[in-house]
Every structure is written in C-alpha cells, then in structure tokens.
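A closer look at the structure
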Amino acid sequence: MKPVPFNWNSSFELSTIGSVRDRGISKNTLKRLAILGSTGSIGQSTLSIVEQFPDRYQVAALAAGRNVDEAFSQAARWRPRVVSLATEELAGELAARLRQSGVTGIEVVYGAEGTVTCATLPEADFVVSAIVGVAGLEATYAAILAGKPIGLANKECMVAAGEILTRAARERNVPILPIDSEHNAVHQCLRVGAHAEVKTIWLTASGGPFRQLPLDQFAGITPEQALKHPTWVMGRRITIDSATMLNKGLEIIEACRLFNVPPSQVRVTVHPQSTVHSLVEYVDGSILAQISVTDMRLPILYALAYPERPASTLTFDLAALRHLDFEQPDFQRFPCLRLAYEAAERGGVHCIALNAADEVAVEAFLERRIPFMGIPRTIEKVLASTPEAHPATIAEVLAADRQARQMACGLLG
Ligand code: MG
C-alpha cells in the first residue's frame, strides 16, 4: 500500500520536513541505525523496536556513556560496526571484554569525538539522538551535516541550538523527526493540514505530582516527592523538570523550532491522564488529537518508520478510556512556564540559559542545597542577567551554555 502523500506546505517543509521516501529509502530497505545514548531509556526502547522489526532495522553504531556492562551486552547482542564510550579508559575496558568473549569486528571509540564517529558513520542511514543534555549537540549537528535523517529525543539540542540545527537540516533536506511524545503527536496531527491553517499547537502536560498541591505547600517539597511522576517513568532531571513544568517549557521552545511557529501559537493544556499526547487546532475550528498508549516505543517506531506505519502490538484499549480532563496550567505555581515563554520570545542565548540554569538548579535541589521553588528563582536570576545574543555556531552555543552554568553555580554558591 502506498503511503498518503504529504500536504505540508513549504513552511513545514522548512522545519521537520522532507520525506524519507524522497531520499530513496523505500519500504523494504533495511535501515541501519546509529543510536546516540544507547544505554539510556530511549536507547533501550529503540533497541527493543529493532528486536521486534529485524527485517526493517539493524544497528550500525552505538554511543553509550559510562555503563560498560550494558554497552558490552548491547555490543555482543547487536554487533554494531562501532561502539563509543565516554572515556578512553572505559573504551579500553569494553574492548578487552569483547576480546575475551571472542566478539570481533567492533571498533571501540570514545569521548565527544567517538560520539561524532557514530553519528556520521557512512554505513548508518538514520541517527537516533537520545543523549540527554547539550552533550548530544555536537554529534546531532554532525549527523545533520552528514545528511543523516534524525530521530530526535534530545530536547535540549532543539532548545539550545534549534535555529542552527533546523537551518542546517533545511539546507540539506534532512528530516528531523521528533521522538518527544508531544512533538511526535503534533507531527502526526500536522500531516493533515498546511502551516497557514494551523491556529494553535496544544502541548499536553500531565501536570506532574504537584498539580493539585496548594501553593503554600510548595516550599516543603522534597526530592523524594518530586521524583514520583504519576504517569511516566523517566530519568531524574526530566522527572524534576516535569514537577516544576520546566520540561513543558522546554517543549514549548522545541515546538517553536521544530514546527516553525512563534511562541504565541504554542499553548499548554494540563491533561492528567496523559492519553492525548498533544493536539493541533486548525483555523476552521477543528482540533486533531493523537491518542495512544503511554509508551515511548510508539513515537520511536513512528520516527524510525516515517512516512510509513508498520503494524505493532502497541495497541490502546479505547474501552478502558473513561474520561479525558483538560485544565489551564497554573502559572503561579509553575513559574517555569512563564520563564520558558519569556526565553522563547527572546530566543538565542536566553533559551540556552533557561536550559543550563535549570540543569544546575535541579542538581542543587536533588542535593538539598536549594528548595523546590529555588529552581525557578535561580533560572529567573540567570535569565535576567543574560544579555541578548544569538549564537551562530555550535561552539558559540556551547560557550553560552558554559557561561549560564557558571552564572547559576555562582548564584547558588
Ligand atoms: Mg515530552
């Protein structure tokens, strides 16, 4: 069956764009993946998709971090051409273990350069960018320059360097397919309309664990309470970011960059069931929503298979669905949302500072050095002391990121 042709106008084509089909990758062609962040939760979910669709996907490269045990078992199972670890020492350890087990033909590299080697490997047809934080930025950019279609799970890349990444992707007709569940949902809903027909992109938010907590109790929130997310199981920083709703703030910026819309066209609705992953409202009054199981394997599969939709077992039980709630977010209890809109409006260095200051502040909160509401306070101060600037290169982005981190550290003492 032939996939339905796209109806995206040039504005969308400028953002996430380009059909994989147009690039000559057809249905029965095996895709060889480079997975950046293979030992993290998105990386592992990606490998479980590869496991389920062995005739569609193969593993060409794995960029792991510091988890040598997991990297070893992944390398032994998937036999990629290259594996990268964080340091030379860890790479040496992995190489020795592979040798001892009689696993040959795998090149082990390391560091930022190693990640770039994985991202630009000539044998790789598709890059899954799932390294958390700006650590994944250089490799993601290198992959775009090398013309690799990207499945993007790393929202910090889009927040910090969205202008640069989307420009490079546009120039090379490289598709960037969002794996972040909300943006993935938006991408799906946008396929039926044109850019000029979009009124509002509605990002859904679970509201986190403190959705109903009275404002006067926010001062006493502990890291243990904040680490309990009601619907998604995720990493530590993103779980805290969900509790402050800064995560949704980053996603507002991510949506502006990916879909080429101003912040005023991106809104947040609190939807505690996390069943509708996001919505697109069109100018005629129609609202399209994407509903599916709360399982990251689905957006990963969508990104890997785009523009096709392979049959999967990730079914959603519509009969179990009782009701859907949508509420206005409370900007008073969640000042991070307001800060994110401000950063989104100013763009450039302010988006970088928002992300960097938050990462530093979240760490301080987890170490019990600042209270929960100290996170937005720190971000606000850093944003206020950041002069307007628009980095033009990845090096400038990384420099601005370091500067914002230093400023946040300085404020926290
Ligand atoms: Mg998300």
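All residue numbers refer to position in the chain's written sequence, counted from 1. Local features in this predicted model are restricted to residues whose pLDDT is 70 or higher, and side-chain atom pairs enter the listing and the counts only when it is 80 or higher, whereas totals over whole chains, interfaces and linings include all residues. Side-chain measures here rest on the full set of heavy atoms in the structure, leaving out hydrogens and waters.

1. Remarks on the confidence of the model for the protein
The test is simple: In predicted models, pLDDT denotes the confidence assigned by the predictor to each residue on a 0 to 100 scale. Residue contacts are defined here by distance: any two heavy atoms, one from each residue, within 4.5 Å place the two residues in contact.
This prediction gives the protein a mean pLDDT of 91; 92% of its residues lie at or above 70. In the model, residues 1–26 has pLDDT below 50 throughout and makes 67 contacts with residues more than four positions away in sequence or in other chains.

2. Focus on the sheet that holds strand β10 (residues 276–282)
Applicable threshold: For two strands to pair, DSSP has to find at least two bridges joining them. Secondary structure elements are taken from DSSP: a helix is a run of H or I of four residues or more, a strand is a run of E of two residues or more, and numbering for both begins at the N terminus. Note on definitions: angles span 0 to 180 degrees between N-to-C directions of axes, and those axes are lines fitted to C-alpha atoms, for helices only across the stretch in contact.
What the 4 strands build is an open sheet, ordered β9-β8-β10-β11; its pairing is mixed. Edge positions in the sheet fall to β9 (266–270) and β11 (287–291), since each of these pairs with one other strand and no more. Within this sheet the neighbouring strands show an average axis-to-axis angle of 25°, counted without direction. Relative to the sheet, helix α8 (residues 181–190) contacts β8 (198–205), β10 and β11, its axis offset from that of β10 by approximately 40°.

3. Observations concerning the coordination of the magnesium ion
Applied cut-off: Only nitrogen, oxygen and sulfur atoms count as donors, using a 2.8 Å cut-off from the metal that widens to 3.2 Å for Na, K and Ca. Water is left out, so coordination shells may look unfilled. Each residue gets one of three labels from its accessible area relative to the maximum for its type: buried under 20%, exposed over 50%, partly exposed in between, using a 1.4 Å probe on protein chains only.
Taken together, the protein donors to the magnesium ion comprise Asp 180 (OD), Glu 182 (OE) and Glu 251 (OE), at separations of 2.0 to 2.2 Å. Sequence positions of the residues that donate to the magnesium ion give the spacing D-x1-E-x68-E. With a gap of 69 residues between them, Glu 182 in helix α8 and Glu 251 in helix α11 (residues 246–259) connect regions that are remote in the sequence. Across the pair, exposure class does not vary: Glu 182 and Glu 251 are buried alike.

4. Points about the pattern of salt bridges
Rule in force here: Counted as salt bridges are all cases of a side-chain nitrogen of Lys or Arg within 4 Å of a carboxyl oxygen of Asp or Glu.
All chains considered together, the criterion is met by 27 salt bridges. Across the pair Arg 77 and Glu 51 runs a salt bridge whose closest N-O atoms are separated by 2.7 Å. You can see Arg 77 sitting in helix α3 (residues 68–78) and its partner Glu 51 sitting in helix α2 (residues 41–52), a full 26 residues away along the chain. On the basis of relative accessible area, Arg 77 is assigned to the partly exposed category, the value being 43%. Of the charged contacts in the structure, one is a salt bridge between Arg 237 and Glu 359, with a shortest N-O distance of 3.1 Å. Within this pair, whereas Arg 237 is found in helix α10 (residues 236–244), its partner Glu 359 is found in helix α14 (residues 349–366), the two being separated by 122 residues in sequence. Residues participating in the shared-partner salt-bridge network are Glu 156, Arg 237, Asp 241, Asp 358, Glu 359, Asp 401 and Arg 405.

5. Topic: the sheet that holds strand β3 (residues 82–85)
Read from one edge of the open sheet, 7 strands run β4-β3-β2-β1-β5-β6-β7, paired in parallel fashion. If you trace the sheet from one side to the other, it starts and ends with β4 (107–110) and β7 (176–178), each paired once. The mean angle between the axes of side-by-side strands here comes to 25°, regardless of whether they run parallel or antiparallel. One ladder, built from 4 bridges, connects β3 with β4; its direction is parallel. Looking at the pairing, Ser 84 lines up with Val 109 of β4. Its contacts with the sheet place α2 against β1 (31–36), β2 (57–63) and β5 (126–129), and it is angled at close to 155° to β2. Across the sheet, helix α5 (residues 111–119) lies against β1, β2, β3, β4 and β5, angled at about 150° from β3, the strand it touches most.

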